[in-house]
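# Geometric and topological summary
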Amino acid sequence: MIEIRGVTKFFDEKKVLQEVDALFEKGKVNLIIGKSGSGKTVLLKSLIGLLPVDAGMIRFDDREITGLNMKNMKEIRKEMGVVFQGGALFDSLSVIENVLFPLNFFSRMNEEEKRERALFCLRRVNLNDTGHLYPAELSGGMKKRVAIARAIVLQPRYLFCDEPNSGLDPLTAIVIDNLLSELTHEYGMTTIINTHDMNSVFEIGEKIVFIHEGRKEWEGDREAILHSTTPALNEFLFTSKFNRMVKENIR
Amino acid sequence: MKFLDILGAYLLFMRRIFTKPEKRRVFFRELSNELEKLGLNSIILVMIISFFIGAVLTLQTAYNMSNPLLPRYLIGYLTRETLLLEFSSTIVSLILAGKIGSNIASEIGTMRITEQIEALEAMGLNSVSYLVGPKIAAALVINPVLYIFSVFIGIIGGFLAGLSAGSVNYDDYINGLHFEFNPYYVTYSIIKTLFFAVIFTSIPAFYGYNVRGGALEVGRASTRAVVDSSIAILVANLILTKILL
Ligand SMILES: Nc1ncnc2c1ncn2[C@@H]1O[C@H](COP(=O)(O)OP(=O)(O)OP(=O)(O)O)[C@@H](O)[C@H]1O
Ligand SMILES: [Mg+2]
(Lines give C-alpha, C1' and ligand atoms only; values in the text may rest on other atoms or scores of the structure.)
(Ligands and ions follow the chains in the order given, each with its own letter.)
Protein backbone atom coordinates (compact mmCIF):
# COMPACT_ATOMS: atom_id res chain seq x y z
CA MET A 1 0.00 0.00 0.00
CA ILE A 2 1.18 3.50 -0.77
CA GLU A 3 -0.48 6.51 0.72
CA ILE A 4 0.11 10.12 -0.19
CA ARG A 5 -1.20 13.28 1.47
CA GLY A 6 -1.00 16.86 0.35
CA VAL A 7 1.72 16.19 -2.21
CA THR A 8 2.67 19.50 -3.83
CA LYS A 9 5.33 20.14 -6.42
CA PHE A 10 6.56 23.33 -8.02
CA PHE A 11 8.77 23.85 -11.03
CA ASP A 12 9.98 27.39 -10.51
CA GLU A 13 6.78 29.37 -10.05
CA LYS A 14 4.58 26.76 -11.68
CA LYS A 15 2.55 24.53 -9.40
CA VAL A 16 2.53 21.17 -11.15
CA LEU A 17 1.00 19.13 -8.32
CA GLN A 18 -1.46 20.65 -5.86
CA GLU A 19 -2.11 18.91 -2.58
CA VAL A 20 -2.73 15.49 -4.02
CA ASP A 21 -4.13 12.85 -1.64
CA ALA A 22 -4.48 9.25 -2.76
CA LEU A 23 -4.34 5.68 -1.59
CA PHE A 24 -2.85 2.97 -3.79
CA GLU A 25 -3.78 -0.50 -2.70
CA LYS A 26 -1.69 -3.63 -2.36
CA GLY A 27 -2.29 -6.52 -4.76
CA LYS A 28 -4.25 -4.27 -7.07
CA VAL A 29 -3.65 -2.42 -10.30
CA ASN A 30 -3.85 1.27 -9.40
CA LEU A 31 -4.14 3.64 -12.33
CA ILE A 32 -3.27 7.31 -12.48
CA ILE A 33 -5.16 8.79 -15.40
CA GLY A 34 -5.25 12.26 -16.86
CA LYS A 35 -4.56 14.06 -20.06
CA SER A 36 -1.14 14.92 -21.39
CA GLY A 37 0.61 17.47 -19.22
CA SER A 38 -1.69 16.93 -16.22
CA GLY A 39 1.20 15.86 -14.00
CA LYS A 40 1.10 12.06 -14.09
CA THR A 41 4.81 11.57 -14.70
CA VAL A 42 5.74 14.17 -12.11
CA LEU A 43 3.49 12.42 -9.57
CA LEU A 44 4.97 9.02 -10.34
CA LYS A 45 8.55 10.31 -10.11
CA SER A 46 7.70 12.01 -6.84
CA LEU A 47 6.42 8.69 -5.48
CA ILE A 48 9.66 6.99 -6.42
CA GLY A 49 11.63 9.79 -4.83
CA LEU A 50 13.27 10.84 -8.08
CA LEU A 51 11.76 14.29 -7.76
CA PRO A 52 11.75 15.97 -4.35
CA VAL A 53 8.31 17.25 -3.37
CA ASP A 54 7.80 20.71 -1.92
CA ALA A 55 5.13 19.64 0.56
CA GLY A 56 3.21 16.57 1.57
CA MET A 57 3.74 13.07 2.85
CA ILE A 58 4.41 9.82 0.99
CA ARG A 59 4.18 6.52 2.84
CA PHE A 60 5.16 3.04 1.64
CA ASP A 61 3.21 0.74 3.96
CA ASP A 62 4.45 1.92 7.34
CA ARG A 63 7.53 3.78 6.07
CA GLU A 64 7.43 7.44 5.30
CA ILE A 65 9.85 8.34 2.50
CA THR A 66 9.63 12.13 2.53
CA GLY A 67 12.80 13.41 4.14
CA LEU A 68 14.38 9.97 4.28
CA ASN A 69 18.16 9.87 4.05
CA MET A 70 19.96 8.26 1.11
CA LYS A 71 20.75 5.03 2.89
CA ASN A 72 17.21 4.27 4.01
CA MET A 73 15.79 5.38 0.69
CA LYS A 74 18.08 2.87 -0.98
CA GLU A 75 16.56 0.05 1.06
CA ILE A 76 13.10 0.97 -0.20
CA ARG A 77 14.36 1.37 -3.75
CA LYS A 78 15.47 -2.24 -3.75
CA GLU A 79 11.81 -3.14 -3.27
CA MET A 80 10.67 -1.06 -6.24
CA GLY A 81 10.47 -1.92 -9.89
CA VAL A 82 10.11 0.93 -12.36
CA VAL A 83 9.12 0.86 -16.02
CA PHE A 84 9.84 4.25 -17.59
CA GLN A 85 7.84 5.82 -20.40
CA GLY A 86 10.38 4.92 -23.09
CA GLY A 87 11.57 1.72 -21.45
CA ALA A 88 14.92 3.24 -20.42
CA LEU A 89 16.83 0.10 -21.33
CA PHE A 90 20.59 0.44 -21.18
CA ASP A 91 21.65 0.79 -24.82
CA SER A 92 25.11 -0.64 -24.33
CA LEU A 93 23.83 -3.85 -22.75
CA SER A 94 22.05 -6.77 -24.38
CA VAL A 95 18.56 -7.81 -23.33
CA ILE A 96 19.78 -10.46 -20.91
CA GLU A 97 22.40 -8.10 -19.45
CA ASN A 98 19.69 -5.50 -18.90
CA VAL A 99 17.63 -7.97 -16.93
CA LEU A 100 20.69 -9.23 -15.06
CA PHE A 101 21.69 -5.69 -14.15
CA PRO A 102 19.75 -5.30 -10.88
CA LEU A 103 20.71 -8.85 -9.89
CA ASN A 104 24.41 -8.08 -10.33
CA PHE A 105 24.10 -5.28 -7.81
CA PHE A 106 21.56 -6.48 -5.31
CA SER A 107 21.28 -10.25 -5.21
CA ARG A 108 23.37 -12.84 -3.44
CA MET A 109 22.75 -15.46 -6.12
CA ASN A 110 25.61 -17.09 -8.00
CA GLU A 111 26.08 -16.55 -11.73
CA GLU A 112 24.08 -19.61 -12.68
CA GLU A 113 21.12 -18.70 -10.46
CA LYS A 114 21.12 -15.11 -11.70
CA ARG A 115 21.01 -16.28 -15.27
CA GLU A 116 18.17 -18.66 -14.50
CA ARG A 117 16.23 -15.90 -12.79
CA ALA A 118 16.76 -13.47 -15.70
CA LEU A 119 15.69 -16.05 -18.25
CA PHE A 120 12.66 -16.91 -16.15
CA CYS A 121 11.59 -13.27 -16.11
CA LEU A 122 12.09 -12.95 -19.86
CA ARG A 123 9.95 -16.05 -20.42
CA ARG A 124 7.38 -14.61 -18.05
CA VAL A 125 6.95 -11.61 -20.36
CA ASN A 126 6.85 -13.93 -23.37
CA LEU A 127 10.29 -13.17 -24.66
CA ASN A 128 12.18 -16.31 -25.54
CA ASP A 129 15.46 -16.38 -27.47
CA THR A 130 15.93 -12.62 -27.44
CA GLY A 131 18.55 -12.43 -24.70
CA HIS A 132 21.41 -11.74 -27.09
CA LEU A 133 19.71 -8.82 -28.90
CA TYR A 134 20.45 -5.18 -28.14
CA PRO A 135 17.73 -2.58 -27.37
CA ALA A 136 18.20 -0.93 -30.77
CA GLU A 137 17.17 -4.21 -32.40
CA LEU A 138 13.84 -4.49 -30.56
CA SER A 139 10.35 -3.29 -31.44
CA GLY A 140 8.56 -0.88 -29.12
CA GLY A 141 6.46 -3.62 -27.58
CA MET A 142 9.47 -5.84 -27.00
CA LYS A 143 11.33 -2.99 -25.31
CA LYS A 144 8.44 -2.49 -22.93
CA ARG A 145 8.44 -6.18 -22.11
CA VAL A 146 12.17 -6.24 -21.44
CA ALA A 147 11.70 -3.21 -19.21
CA ILE A 148 8.97 -5.07 -17.32
CA ALA A 149 11.20 -8.13 -16.98
CA ARG A 150 13.99 -5.95 -15.58
CA ALA A 151 11.55 -4.27 -13.19
CA ILE A 152 10.27 -7.54 -11.70
CA VAL A 153 13.57 -9.42 -11.56
CA LEU A 154 14.18 -8.60 -7.89
CA GLN A 155 10.56 -9.49 -6.98
CA PRO A 156 9.60 -5.97 -5.97
CA ARG A 157 6.79 -5.13 -3.56
CA TYR A 158 5.99 -1.99 -5.51
CA LEU A 159 5.79 -1.68 -9.29
CA PHE A 160 5.60 1.66 -11.11
CA CYS A 161 4.90 1.98 -14.81
CA ASP A 162 4.82 5.23 -16.77
CA GLU A 163 2.51 4.75 -19.74
CA PRO A 164 3.55 1.17 -20.41
CA ASN A 165 1.41 0.87 -23.50
CA SER A 166 1.75 4.27 -25.15
CA GLY A 167 2.91 4.04 -28.73
CA LEU A 168 1.78 0.44 -29.09
CA ASP A 169 -0.97 -0.94 -31.29
CA PRO A 170 -4.24 -1.74 -29.43
CA LEU A 171 -3.65 -5.48 -29.46
CA THR A 172 -0.11 -5.31 -28.07
CA ALA A 173 -1.28 -2.69 -25.58
CA ILE A 174 -3.85 -5.10 -24.18
CA VAL A 175 -1.26 -7.87 -23.98
CA ILE A 176 1.03 -5.60 -21.94
CA ASP A 177 -1.86 -4.45 -19.74
CA ASN A 178 -2.89 -7.99 -18.96
CA LEU A 179 0.67 -9.02 -18.30
CA LEU A 180 1.03 -6.24 -15.72
CA SER A 181 -2.29 -7.18 -14.17
CA GLU A 182 -1.35 -10.87 -13.92
CA LEU A 183 2.04 -10.06 -12.39
CA THR A 184 0.40 -7.77 -9.86
CA HIS A 185 -1.96 -10.48 -8.65
CA GLU A 186 0.64 -13.23 -8.86
CA TYR A 187 3.15 -11.42 -6.63
CA GLY A 188 0.73 -9.31 -4.58
CA MET A 189 2.50 -6.11 -5.60
CA THR A 190 1.25 -2.57 -5.16
CA THR A 191 1.21 -1.59 -8.81
CA ILE A 192 0.80 1.99 -9.99
CA ILE A 193 0.38 2.65 -13.69
CA ASN A 194 0.16 5.98 -15.49
CA THR A 195 -2.04 5.92 -18.53
CA HIS A 196 -4.30 7.95 -20.74
CA ASP A 197 -5.64 4.87 -22.47
CA MET A 198 -9.33 4.22 -21.84
CA ASN A 199 -8.95 0.57 -22.76
CA SER A 200 -6.56 0.12 -19.85
CA VAL A 201 -9.04 1.71 -17.47
CA PHE A 202 -11.72 -0.81 -18.34
CA GLU A 203 -9.41 -3.76 -18.94
CA ILE A 204 -7.28 -3.79 -15.80
CA GLY A 205 -8.06 -0.73 -13.62
CA GLU A 206 -9.03 -1.75 -10.10
CA LYS A 207 -8.36 1.54 -8.42
CA ILE A 208 -8.34 4.75 -10.44
CA VAL A 209 -7.00 8.19 -9.56
CA PHE A 210 -7.85 11.00 -11.95
CA ILE A 211 -5.44 13.94 -12.14
CA HIS A 212 -6.50 17.18 -13.76
CA GLU A 213 -4.18 20.17 -13.98
CA GLY A 214 -2.13 18.92 -11.07
CA ARG A 215 -5.07 18.25 -8.78
CA LYS A 216 -6.72 14.97 -7.92
CA GLU A 217 -10.27 15.41 -9.15
CA TRP A 218 -11.60 11.91 -8.64
CA GLU A 219 -10.71 8.57 -7.07
CA GLY A 220 -12.63 5.30 -7.21
CA ASP A 221 -13.06 1.95 -8.93
CA ARG A 222 -13.94 0.93 -12.44
CA GLU A 223 -17.69 0.62 -11.85
CA ALA A 224 -17.98 3.95 -10.13
CA ILE A 225 -16.22 5.73 -12.96
CA LEU A 226 -19.19 5.15 -15.28
CA HIS A 227 -21.42 7.01 -12.88
CA SER A 228 -19.09 9.82 -11.97
CA THR A 229 -20.44 13.33 -12.17
CA THR A 230 -17.08 15.09 -12.18
CA PRO A 231 -17.17 17.24 -15.32
CA ALA A 232 -13.43 17.10 -16.09
CA LEU A 233 -13.42 13.31 -15.73
CA ASN A 234 -16.45 12.89 -17.95
CA GLU A 235 -14.95 15.11 -20.54
CA PHE A 236 -11.70 13.15 -20.39
CA LEU A 237 -13.34 9.75 -20.58
CA PHE A 238 -16.29 10.28 -22.81
CA THR A 239 -15.22 12.74 -25.44
CA SER A 240 -14.99 10.01 -28.03
CA LYS A 241 -18.25 8.93 -29.58
CA PHE A 242 -17.37 5.30 -29.10
CA ASN A 243 -16.81 5.62 -25.36
CA ARG A 244 -20.08 7.56 -25.02
CA MET A 245 -21.96 4.77 -26.79
CA VAL A 246 -20.41 2.18 -24.50
CA LYS A 247 -21.38 4.18 -21.45
CA GLU A 248 -25.02 4.54 -22.61
CA ASN A 249 -25.27 0.84 -23.30
CA ILE A 250 -23.85 -0.22 -19.95
CA ARG A 251 -26.20 2.08 -18.14
CA MET B 1 27.80 34.57 -11.25
CA LYS B 2 26.79 32.10 -13.91
CA PHE B 3 30.33 30.71 -14.07
CA LEU B 4 30.45 30.26 -10.30
CA ASP B 5 27.11 28.43 -10.35
CA ILE B 6 28.41 25.98 -12.92
CA LEU B 7 31.68 25.56 -11.06
CA GLY B 8 29.82 24.82 -7.84
CA ALA B 9 27.58 22.28 -9.54
CA TYR B 10 30.66 20.69 -11.11
CA LEU B 11 32.40 20.36 -7.75
CA LEU B 12 29.32 18.72 -6.21
CA PHE B 13 29.23 16.39 -9.20
CA MET B 14 32.89 15.49 -8.65
CA ARG B 15 32.15 14.68 -5.04
CA ARG B 16 29.54 12.17 -6.16
CA ILE B 17 32.07 10.48 -8.46
CA PHE B 18 34.56 9.77 -5.72
CA THR B 19 32.41 7.58 -3.56
CA LYS B 20 32.98 3.92 -2.97
CA PRO B 21 31.66 1.83 -5.87
CA GLU B 22 28.56 -0.19 -5.07
CA LYS B 23 30.03 -3.48 -6.22
CA ARG B 24 33.73 -3.89 -6.79
CA ARG B 25 33.19 -6.60 -9.41
CA VAL B 26 30.89 -4.42 -11.48
CA PHE B 27 33.33 -1.52 -11.22
CA PHE B 28 36.24 -3.56 -12.54
CA ARG B 29 34.16 -4.96 -15.35
CA GLU B 30 33.12 -1.45 -16.39
CA LEU B 31 36.72 -0.29 -16.03
CA SER B 32 38.00 -2.95 -18.39
CA ASN B 33 35.27 -2.03 -20.89
CA GLU B 34 36.30 1.60 -20.71
CA LEU B 35 39.98 0.79 -21.02
CA GLU B 36 39.28 -1.15 -24.15
CA LYS B 37 37.02 1.55 -25.60
CA LEU B 38 39.36 4.40 -24.73
CA GLY B 39 42.51 2.61 -25.77
CA LEU B 40 41.21 1.39 -29.09
CA ASN B 41 39.55 4.72 -29.75
CA SER B 42 42.65 6.79 -29.29
CA ILE B 43 45.85 4.83 -29.75
CA ILE B 44 45.87 4.78 -33.55
CA LEU B 45 44.97 8.46 -33.74
CA VAL B 46 47.66 9.42 -31.25
CA MET B 47 50.25 7.33 -33.09
CA ILE B 48 49.47 8.84 -36.47
CA ILE B 49 49.48 12.41 -35.20
CA SER B 50 52.65 11.92 -33.15
CA PHE B 51 54.49 10.38 -36.07
CA PHE B 52 53.75 13.25 -38.39
CA ILE B 53 54.31 16.00 -35.84
CA GLY B 54 57.64 14.41 -34.87
CA ALA B 55 58.61 14.33 -38.53
CA VAL B 56 57.65 17.95 -39.13
CA LEU B 57 59.36 19.13 -35.93
CA THR B 58 62.64 17.59 -37.05
CA LEU B 59 62.44 18.96 -40.58
CA GLN B 60 61.52 22.46 -39.42
CA THR B 61 64.28 22.53 -36.82
CA ALA B 62 66.79 21.34 -39.39
CA TYR B 63 65.59 23.95 -41.86
CA ASN B 64 65.98 26.72 -39.28
CA MET B 65 69.50 25.63 -38.38
CA SER B 66 71.30 26.34 -41.61
CA ASN B 67 73.94 28.16 -39.58
CA PRO B 68 76.97 25.79 -39.69
CA LEU B 69 78.17 26.96 -36.25
CA LEU B 70 75.19 25.30 -34.53
CA PRO B 71 75.83 21.66 -33.68
CA ARG B 72 73.60 19.22 -35.61
CA TYR B 73 72.69 17.22 -32.54
CA LEU B 74 70.46 20.14 -31.49
CA ILE B 75 67.89 18.89 -34.01
CA GLY B 76 67.30 15.62 -32.15
CA TYR B 77 67.49 17.43 -28.84
CA LEU B 78 64.83 20.00 -29.72
CA THR B 79 62.51 17.42 -31.19
CA ARG B 80 62.77 15.39 -28.00
CA GLU B 81 62.20 18.40 -25.73
CA THR B 82 59.14 19.59 -27.61
CA LEU B 83 57.55 16.17 -27.57
CA LEU B 84 58.48 15.41 -23.99
CA LEU B 85 57.45 18.73 -22.48
CA GLU B 86 54.45 19.89 -24.38
CA PHE B 87 53.23 18.03 -27.42
CA SER B 88 52.77 14.51 -26.07
CA SER B 89 51.10 15.69 -22.88
CA THR B 90 49.14 18.87 -23.59
CA ILE B 91 48.46 18.72 -27.30
CA VAL B 92 47.60 15.02 -27.23
CA SER B 93 45.21 15.66 -24.33
CA LEU B 94 43.59 18.49 -26.29
CA ILE B 95 43.05 16.11 -29.18
CA LEU B 96 41.58 13.53 -26.83
CA ALA B 97 39.30 16.18 -25.32
CA GLY B 98 37.84 16.54 -28.80
CA LYS B 99 37.52 12.87 -29.53
CA ILE B 100 36.78 11.25 -26.19
CA GLY B 101 35.12 14.29 -24.65
CA SER B 102 32.41 14.58 -27.27
CA ASN B 103 31.90 10.85 -27.04
CA ILE B 104 31.37 10.89 -23.30
CA ALA B 105 29.09 13.93 -23.37
CA SER B 106 26.81 12.46 -26.00
CA GLU B 107 26.76 9.01 -24.44
CA ILE B 108 25.79 10.28 -21.00
CA GLY B 109 23.52 12.98 -22.44
CA THR B 110 21.60 10.37 -24.39
CA MET B 111 21.26 8.28 -21.26
CA ARG B 112 19.83 11.33 -19.51
CA ILE B 113 17.17 12.16 -22.09
CA THR B 114 16.09 8.53 -22.44
CA GLU B 115 15.62 8.22 -18.65
CA GLN B 116 18.41 5.64 -18.32
CA ILE B 117 20.03 7.74 -15.60
CA GLU B 118 16.77 7.93 -13.70
CA ALA B 119 16.47 4.17 -14.09
CA LEU B 120 19.84 3.80 -12.35
CA GLU B 121 18.79 6.15 -9.57
CA ALA B 122 15.46 4.36 -9.17
CA MET B 123 17.38 1.14 -8.59
CA GLY B 124 19.10 2.83 -5.68
CA LEU B 125 22.46 3.29 -7.42
CA ASN B 126 24.70 6.34 -7.45
CA SER B 127 24.45 7.00 -11.18
CA VAL B 128 27.34 9.46 -11.19
CA SER B 129 29.84 7.13 -9.62
CA TYR B 130 28.63 4.17 -11.69
CA LEU B 131 28.80 6.02 -15.02
CA VAL B 132 31.73 8.35 -14.58
CA GLY B 133 34.01 6.59 -12.11
CA PRO B 134 35.22 3.90 -14.52
CA LYS B 135 35.73 6.45 -17.30
CA ILE B 136 37.98 8.63 -15.16
CA ALA B 137 39.88 5.64 -13.85
CA ALA B 138 40.42 4.35 -17.38
CA ALA B 139 41.66 7.73 -18.61
CA LEU B 140 44.05 7.96 -15.66
CA VAL B 141 45.57 4.66 -16.71
CA ILE B 142 45.58 5.29 -20.45
CA ASN B 143 46.70 8.90 -20.72
CA PRO B 144 50.24 8.40 -19.31
CA VAL B 145 50.62 5.34 -21.52
CA LEU B 146 49.58 7.37 -24.54
CA TYR B 147 52.07 10.04 -23.52
CA ILE B 148 54.95 7.59 -23.58
CA PHE B 149 53.78 6.09 -26.85
CA SER B 150 53.46 9.52 -28.37
CA VAL B 151 56.99 10.55 -27.36
CA PHE B 152 58.50 7.42 -28.85
CA ILE B 153 56.51 7.48 -32.06
CA GLY B 154 57.22 11.19 -32.49
CA ILE B 155 60.95 10.60 -32.10
CA ILE B 156 60.81 7.77 -34.60
CA GLY B 157 58.84 9.95 -37.01
CA GLY B 158 61.42 12.70 -36.71
CA PHE B 159 64.26 10.25 -37.16
CA LEU B 160 62.84 8.70 -40.32
CA ALA B 161 61.89 12.03 -41.84
CA GLY B 162 65.21 13.64 -40.99
CA LEU B 163 67.20 10.71 -42.29
CA SER B 164 65.29 10.35 -45.53
CA ALA B 165 65.42 14.09 -46.23
CA GLY B 166 69.14 14.03 -45.50
CA SER B 167 68.85 16.78 -42.86
CA VAL B 168 70.35 14.75 -39.99
CA ASN B 169 72.52 11.72 -39.72
CA TYR B 170 72.08 8.77 -37.38
CA ASP B 171 74.76 9.71 -34.85
CA ASP B 172 73.76 13.36 -34.56
CA TYR B 173 70.12 12.51 -33.95
CA ILE B 174 70.89 9.87 -31.32
CA ASN B 175 73.37 12.18 -29.60
CA GLY B 176 70.73 14.86 -29.57
CA LEU B 177 68.24 12.51 -27.94
CA HIS B 178 70.69 11.86 -25.13
CA PHE B 179 71.85 15.45 -24.77
CA GLU B 180 71.04 16.99 -21.36
CA PHE B 181 68.22 14.61 -20.64
CA ASN B 182 66.30 15.70 -17.55
CA PRO B 183 64.13 12.87 -16.19
CA TYR B 184 62.10 15.33 -14.15
CA TYR B 185 60.53 16.57 -17.40
CA VAL B 186 58.95 13.15 -17.79
CA THR B 187 57.61 13.22 -14.25
CA TYR B 188 56.27 16.71 -14.78
CA SER B 189 54.54 15.70 -18.02
CA ILE B 190 53.05 12.54 -16.57
CA ILE B 191 51.60 14.54 -13.69
CA LYS B 192 50.06 16.85 -16.27
CA THR B 193 48.56 13.93 -18.21
CA LEU B 194 46.85 12.74 -15.02
CA PHE B 195 45.22 16.12 -14.44
CA PHE B 196 44.23 16.37 -18.09
CA ALA B 197 42.72 12.87 -17.97
CA VAL B 198 40.40 13.92 -15.16
CA ILE B 199 39.50 17.10 -17.05
CA PHE B 200 38.66 15.57 -20.43
CA THR B 201 36.48 12.86 -18.88
CA SER B 202 34.75 14.66 -16.01
CA ILE B 203 33.81 17.93 -17.72
CA PRO B 204 32.10 16.21 -20.68
CA ALA B 205 30.43 13.79 -18.26
CA PHE B 206 29.17 16.75 -16.26
CA TYR B 207 27.67 18.44 -19.32
CA GLY B 208 26.14 15.18 -20.51
CA TYR B 209 24.68 14.43 -17.11
CA ASN B 210 22.96 17.81 -16.93
CA VAL B 211 21.35 17.76 -20.36
CA ARG B 212 17.68 18.71 -20.32
CA GLY B 213 15.54 18.29 -23.40
CA GLY B 214 16.27 16.25 -26.50
CA ALA B 215 18.79 15.30 -29.15
CA LEU B 216 19.49 18.95 -29.98
CA GLU B 217 20.58 19.66 -26.42
CA VAL B 218 22.78 16.57 -26.42
CA GLY B 219 24.61 17.94 -29.46
CA ARG B 220 24.97 21.32 -27.81
CA ALA B 221 26.26 19.82 -24.58
CA SER B 222 28.81 17.85 -26.52
CA THR B 223 30.15 20.95 -28.26
CA ARG B 224 30.30 22.92 -25.01
CA ALA B 225 32.01 20.01 -23.31
CA VAL B 226 34.80 19.96 -25.89
CA VAL B 227 35.32 23.72 -25.79
CA ASP B 228 35.28 23.96 -22.00
CA SER B 229 37.50 20.96 -21.39
CA SER B 230 40.01 22.31 -23.90
CA ILE B 231 40.08 25.65 -22.12
CA ALA B 232 40.38 23.89 -18.76
CA ILE B 233 43.33 21.88 -20.07
CA LEU B 234 45.11 25.02 -21.24
CA VAL B 235 44.53 26.79 -17.94
CA ALA B 236 45.60 23.74 -15.93
CA ASN B 237 48.70 23.48 -18.12
CA LEU B 238 49.66 27.03 -17.24
CA ILE B 239 49.07 26.54 -13.52
CA LEU B 240 50.84 23.18 -13.34
CA THR B 241 53.82 24.51 -15.27
CA LYS B 242 54.10 27.44 -12.87
CA ILE B 243 53.95 25.10 -9.89
CA LEU B 244 56.04 22.19 -11.14
CA LEU B 245 58.82 23.70 -13.23
N1 LIG C 1 11.67 19.05 -15.23
C2 LIG C 1 10.64 19.88 -15.43
N3 LIG C 1 10.82 21.21 -15.37
C4 LIG C 1 9.80 22.07 -15.54
N5 LIG C 1 8.53 21.68 -15.79
C6 LIG C 1 8.26 20.37 -15.86
C7 LIG C 1 9.30 19.39 -15.69
N8 LIG C 1 8.76 18.16 -15.81
C9 LIG C 1 7.45 18.38 -16.04
N10 LIG C 1 7.13 19.69 -16.08
C11 LIG C 1 5.81 20.27 -16.30
O12 LIG C 1 4.91 19.61 -15.44
C13 LIG C 1 3.67 19.41 -16.09
C14 LIG C 1 3.26 17.97 -15.96
O15 LIG C 1 4.11 17.17 -16.74
P16 LIG C 1 4.05 15.60 -16.76
O17 LIG C 1 5.22 15.13 -17.52
O18 LIG C 1 3.85 15.08 -15.40
O19 LIG C 1 2.74 15.32 -17.62
P20 LIG C 1 2.08 13.92 -17.96
O21 LIG C 1 0.75 13.92 -17.33
O22 LIG C 1 2.99 12.84 -17.62
O23 LIG C 1 1.92 14.04 -19.52
P24 LIG C 1 2.09 12.91 -20.66
O25 LIG C 1 0.83 12.14 -20.66
O26 LIG C 1 2.24 13.73 -21.90
O27 LIG C 1 3.30 12.11 -20.33
C28 LIG C 1 3.82 19.88 -17.51
O29 LIG C 1 3.21 21.13 -17.62
C30 LIG C 1 5.31 20.00 -17.69
O31 LIG C 1 5.60 21.07 -18.55
MG1 LIG D 1 4.14 11.39 -18.74
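Above this text sits the structure in question.
Residues numbered from 1 in each chain as written. Chains lettered and ligands numbered in written order. Predicted model: local features only at pLDDT ≥ 70, side-chain atom pairs only at ≥ 80, totals over all residues. Heavy atoms only, no water.

### A short note on the overall build of chain A
For chain A, the helix and strand inventory stands at 10 helices and 10 strands. Against the compact-globule benchmark of 18 Å for 251 residues, chain A has a radius of gyration of 18 Å, which places it among compact chains. Counting only C-alpha atoms, chain A reaches 55 × 45 × 30 Å along its principal axes. Taking all 251 residues of chain A together, 55% fall into the buried category. When contacts within chain A are restricted to residue pairs at least 6 apart in sequence, long-range pairs at least 24 apart make up 65% of them. (Helix = DSSP H or I, 4+ residues; strand = E, 2+ residues; numbered from the N terminus. Rg over C-alpha atoms; globule rule 2.2 N^0.38 Å. Buried < 20%, exposed > 50% of the residue type's maximum accessible area, 1.4 Å probe, protein only. Contact = heavy atoms within 4.5 Å.)

### What to know about the packing of aromatic side chains
How two aromatic rings sit relative to each other is set out by the distance from centre to centre and by the angle between their planes. All told, the structure shown has 18 aromatic pairs over all chains when counted by the stated rule. A centroid spacing of 5.3 Å and a plane angle of 40° characterise the contact between B:Phe159 and B:Tyr173, whose relative ring orientation is tilted. One end of the pair, B:Phe159, is in helix H5 (residues 127–165); the other, B:Tyr173, is in helix H6 (residues 170–178), and 14 residues separate them in sequence. The ring of A:Phe11 has A:Lys9 lying over it, and the distance from NZ or CZ to the ring centre is 5.1 Å. (Phe/Tyr/Trp six-rings, centres within 6.5 Å; stacked < 30°, edge-to-face > 60°. Lys NZ or Arg CZ within 6 Å of the ring centre and 35° of its normal.)

### Topic: the nonpolar core
Of all hydrophobic cores here, the largest spans 99 residues; its most connected members are A:Ile4 and A:Phe160. Per-element tally for this core: the top contributor is helix H3 (residues 73–113) of chain B, with 14 residues. Filtering out sequence-adjacent residues up to four positions away, A:Phe160 remains in contact with A:Ile2, A:Leu44, A:Leu47, A:Ile48, A:Phe60, A:Met80, A:Gly81, A:Val82, A:Val83 and A:Ile192. A:Val95, A:Ile96, A:Leu122 and A:Ile176 belong to the second largest nonpolar core, which has 48 residues in total. (Core = buried A, V, L, I, M, F, W, Y, C linked by side-chain atoms within 4.5 Å.)

### Concerning the site of ligand 1
All names here are of chain A. The local shell around ligand 1 holds 14 residues, among which Lys-14, Ser-36, Gly-37, Lys-40 and Thr-41 are the closest. A distance of 2.8 Å separates an oxygen atom of ligand 1 from a polar atom in the backbone of Gly-37. The side chain of Thr-41 places a nitrogen or oxygen atom 2.6 Å from an oxygen atom of ligand 1. Burial of ligand 1 by the surrounding chains reaches 64%, relative to a free accessible area of 640 Å². Those elements that place two or more of their residues in the shell around ligand 1 are strand S2 (14–24) and helix H1 (40–48). It is H1 that provides the largest number of residues to the shell around ligand 1, a total of 3 residues. Here the shell around ligand 1 is built from residues that sort into 3 nonpolar, 7 polar and 4 charged. (Near = heavy atom within 4 Å. Polar contact = N/O pair within 3.5 Å; in protein donor to acceptor, adjacent residues only side chain to side chain. Areas by Shrake-Rupley, 256 points an atom, 1.4 Å probe, with all protein chains shown as cover. Nonpolar A, V, L, I, M, F, W, Y, C, P; charged D, E, K, R; others polar.)

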